[in-house]
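Chain by chain, the residues run as shown.
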Amino acid sequence: QVQLVESGGGLVQAGGSLRLSCAASGSISSADTMGWYRQAPGKQRELVAHITGFWGTNYADSVKGRFTISRDYAKNTVYLQMNSLKFDDTGVYYCAVARRGATTFDYWGQGTQVTVSS
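All of these numbers come straight from a predicted model, not from anything done at the bench.

Draft legend 1. Local environment of the packing of aromatic side chains. Going through the model one piece at a time under the given rule, you end up with three aromatic pairs. Lying across the ring of Tyr79, Arg19 places its NZ or CZ 4.0 Å from the centre. The residue whose ring lies beneath Arg45 is Tyr37, and the NZ or CZ to ring-centre distance is 6.0 Å.

Set out below in structure tokens:
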């Protein structure tokens, strides 16, 4: 079983930066994928970024060049550095884990709110 706890959300002005953290408890291997999703009010949840191993990263087009996902395997923690934030980045950000070979993310955190003021 895996438990995920996000932190780092908050209120920031457009153009500012935030760093989200997600600490995982339980057994996680480097082959498992850790990712960030977000859900804006009235919209479907969407993938923001995910990372597998040390260099296998993927980003939504809307955040490429502004967000960076990274992972500390010793701490079982994944980070999302968000720069040049826009109003449209507002939403609840969720951390998730997909086991190696899985086609879906099976473990989810409770979410952390990110609000970008224009």
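Let us keep going from here.
Draft legend 2. Focus on unusual backbone geometry. A positive phi angle, near 55°, is found at Asn76, a position not held by glycine. Despite not being glycine, Ser84 has its phi angle at roughly 50°, a positive value. Inspection of the secondary structure assignment puts Ser84 in the loop between strand E8 (77–82) and strand E9 (91–98).

Draft legend 3. Representation of the state of the cysteines in the model. Following the criterion strictly, the structure yields one disulfide and no others. The disulfide partner of Cys22 is Cys95, and the S-S distance across this bridge is 2.1 Å. Across the S-S bond linking Cys22 and Cys95, the dihedral sits near -80°, which makes this disulfide left-handed. Taken together, the residues span a long stretch of sequence, with Cys22 in strand E3 (residues 18–25) and Cys95 in strand E9 at a distance of 73 residues. For the pair shown, Cys22 and Cys95 are each scored as buried.

What counts and how
- Position numbers for residues count from 1 along each chain, tracking the sequence in the order it is written.
- Local features are withheld for residues below a pLDDT of 70 in this predicted model, meaning they are given only at 70 or higher, and side-chain atom pairs are given and counted only at 80 or more; totals for whole chains, interfaces and linings count all residues.
- Note that the side-chain values use all heavy atoms of the structure and ignore hydrogens as well as water.
- Stacked, tilted and edge-to-face are the three classes assigned to paired rings of Phe, Tyr and Trp, where Trp is represented by its six-membered ring and a pair needs centres within 6.5 Å; plane angles under 30 degrees give stacked, over 60 edge-to-face, the rest tilted.
- Criterion for a charge above a ring: Lys NZ or Arg CZ within 6 Å of the ring centre, and within 35 degrees of the ring normal.
- The helix and strand labels rest on DSSP assignments: H or I over at least four residues marks a helix, E over at least two residues marks a strand, and numbering proceeds from the N terminus.
- The disulfide criterion used throughout: a pair of cysteine sulfur atoms within 2.5 Å.
- A 1.4 Å probe rolled over the protein chains alone gives each residue an accessible area, and that area as a share of the maximum for its type sets the label: buried under 20%, exposed over 50%, partly exposed in between.

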